[in-house]
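Remarks on the overall topology
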Amino acid sequence: MRIGVLTGGGDCPGLNAVIRAVVRKGVETYGHEFVGFRDGWRGPLDNDTCPLGVPEVRGILPRGGTILGSSRTNPFKVEGGVERIKATLANDGIDALIAIGGEDTLGVANRLHQEGVHVVGVPKTIDNDLNATDYTFGFDTAVNIAMEAIDRLHTTAESHHRVLIVEVMGRHAGWIALHAGLAGGANVILIPERPFDIQQVCDYIEHRYRTHYAPIVVVAEGAVPVEGTMAVKEGAEDAFGHVRLMGIGQRLEEEITKRTGKEARATVLGHIQRGGTPTAYDRVLATRFGLHAIDAAHNGDWGTMTALHGTRIELVPLAEATRELKLVTPDLYAEAEVFFG
Ligand code: F6P
């Protein structure tokens, strides 16, 4: 078989480990051939390919980013997009695609599968919000980066008696905030799933000062206040309809300073959470996903995605994986709340 591989959406530590595992097992065990598509769905749309064999994947296991490039191109928003992709596959003699991505990239993969394209998905996102898999690779790396930042901020917060706010990624789901906040001993964790009461946040902060420690607030970028209690800004939308988020950390800085009279300062971790080398956990998970994805393609299990269930890698329908996002549940948030204040 001749198989096309692409990586779409926000990049994520571990993407190269998946590509390497797919190609190594695909070539060495099954004798398949590979073609790389550049920049997510833009590659097959524009027939932009690159060689992808064992030499191309040498040495990429620890490298962050993706050797194939990525984009947030949505072929269903492009006139004749599906036909263009089908034409590319036919012209290049490509029998199947392995699409590595999050909810958007895999949502497209699922729709293409329904249109008869042979496709297998691999879940990636630092946000860990894909349904039907316990974890996605990239999440562990992002959490460790955020935890290290929180550890460092604790000491400077103490020196200056400041409230330090750490804004982490997580547009719809607060997994990074929850895990990094728990691991880093945050005094308040704010996530998109639970609109926050700014007065209660300030009460926690003041309580923390009464115990002679400086508070750390961890906030997911998509966290929102209870409606009507605090103004927030919104930006433009991307091709998948996601609003560009505009500075909840900075808004909290202003509001906390105003309400408590304490100096509050925000640190936005941003793309640092997505860059650099993956942790060992993410390298292993990404490698295992890659090995199982090429097995799935070899066996013709089209329309499926590799998923982690406990310690096992299993296949789930792409439709199930992209039906809804996996959000932080109230019971998990309640576990973290024990440490607030
Ligand atoms: O989906 C991964 C992610 O890093 C989100 O946490 C974040 O909201 C988004 O991508 C940012 O995307 P971009 O880099 O395109 O601004």
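Parameters and conventions
Residues numbered from 1 in each chain as written. Predicted model: local features only at pLDDT ≥ 70, side-chain atom pairs only at ≥ 80, totals over all residues. Heavy atoms only, no water. Near = heavy atom within 4 Å. Polar contact = N/O pair within 3.5 Å; in protein donor to acceptor, adjacent residues only side chain to side chain. Areas by Shrake-Rupley, 256 points an atom, 1.4 Å probe, with all protein chains shown as cover. Nonpolar A, V, L, I, M, F, W, Y, C, P; charged D, E, K, R; others polar. Helix = DSSP H or I, 4+ residues; strand = E, 2+ residues; numbered from the N terminus. Pairing = 2+ DSSP bridges. Axes fitted to C-alpha atoms, helices over the stretch in contact; angles between N-to-C directions. Domains from an automatic or database assignment. Contact = heavy atoms within 4.5 Å. Buried area = accessible area lost by both parts, 1.4 Å probe. Phe/Tyr/Trp six-rings, centres within 6.5 Å; stacked < 30°, edge-to-face > 60°. Buried < 20%, exposed > 50% of the residue type's maximum accessible area, 1.4 Å probe, protein only. Parallel < 35°, antiparallel > 145°, perpendicular 65-115°, else oblique. Left-handed = near helix turned anticlockwise from the far one by under 90°.

**Quick look at the site of the ligand**
Taken together, Arg72, Ile126, Asp127, Met169, Gly170, Arg171, Glu221, His271 and Arg274 form the complete shell of residues around the ligand. In the model, an oxygen atom of the ligand is placed 2.8 Å from a nitrogen or oxygen of the Arg274 side chain. Contact with the protein chains covers 78% of the free accessible surface of the ligand, which is 400 Å². Of the residues contributing to the shell around the ligand, the split by class is two nonpolar, two polar and five charged.

**As for the environment of Arg210**
You can see Arg210 is positioned in helix α8 (residues 198-210). C-alpha of Arg210 to C-alpha of Ile176: the two residues are 34 residues apart in sequence and 28 Å apart in space.

**A closer look at the sheet that holds strand β6 (residues 163-168)**
Taken in spatial order, the four strands line up as β7-β8-β6-β11 in an open sheet, and their pairing is parallel. Each having just a single partner strand, β7 (188-190) and β11 (264-268) make up the two edges of the open sheet. Between one strand axis and the next, the sheet turns by 20° as a mean value, whatever way the strands run.

**Structural notes on the domain arrangement of the protein**
Entries for the protein in the domain assignment read domain 1 (2-137 + 278-323) and domain 2 (139-274). Between the C-alpha centres of domain 1 and domain 2 the distance comes to 33 Å. Taken together, the contact between domain 1 and domain 2 spans 23 residues of the former and 18 residues of the latter. Roughly 1700 Å² of surface becomes buried between domain 1 and domain 2 when both sides are summed, with 56% attributable to carbon and sulfur atoms.

**Points about the packing of aromatic side chains**
Under the definition given, this model contains four aromatic pairs. Residues Tyr135 and Phe139 carry aromatic rings whose centres are separated by 5.9 Å and whose planes lie at 20° to one another, so their mutual orientation is stacked. Judged by its relative accessible area of 4%, Phe139 is buried. Centroid distance Tyr204 to Phe340: 5.6 Å. Interplanar angle 80°. Geometry classified as edge-to-face. Of this pair, Tyr204 sits in helix α8 while Phe340 sits in the segment after α12 (330-337), and the two are 136 residues apart along the sequence. Overall, the relative accessible area of 11% leaves Phe340 in the buried class. The rings of Tyr204, Tyr333 and Phe340 are connected pair by pair, giving a single aromatic cluster.

**A closer look at the packing of helix α1 (residues 15-28) against helix α10 (residues 280-299)**
Axis separation between α1 and α10 bottoms out at 7 Å; the angle between their running directions is 40°. As far as their axial angle goes, α10 and α1 are oblique. The two elements α1 and α10 meet at a crossing, and its hand is right-handed. Residue-level inspection shows Ala17, Val18, Ala21, Val22, Lys25 and Gly26 of α1 in contact with α10, the latter providing Arg283, Ala286, Thr287, Gly290, Leu291, Ala293, Ile294 and Asp295. When the residues that make up the contact of α1 with α10 are grouped by side-chain class, the tally is eight nonpolar, three polar and three charged.

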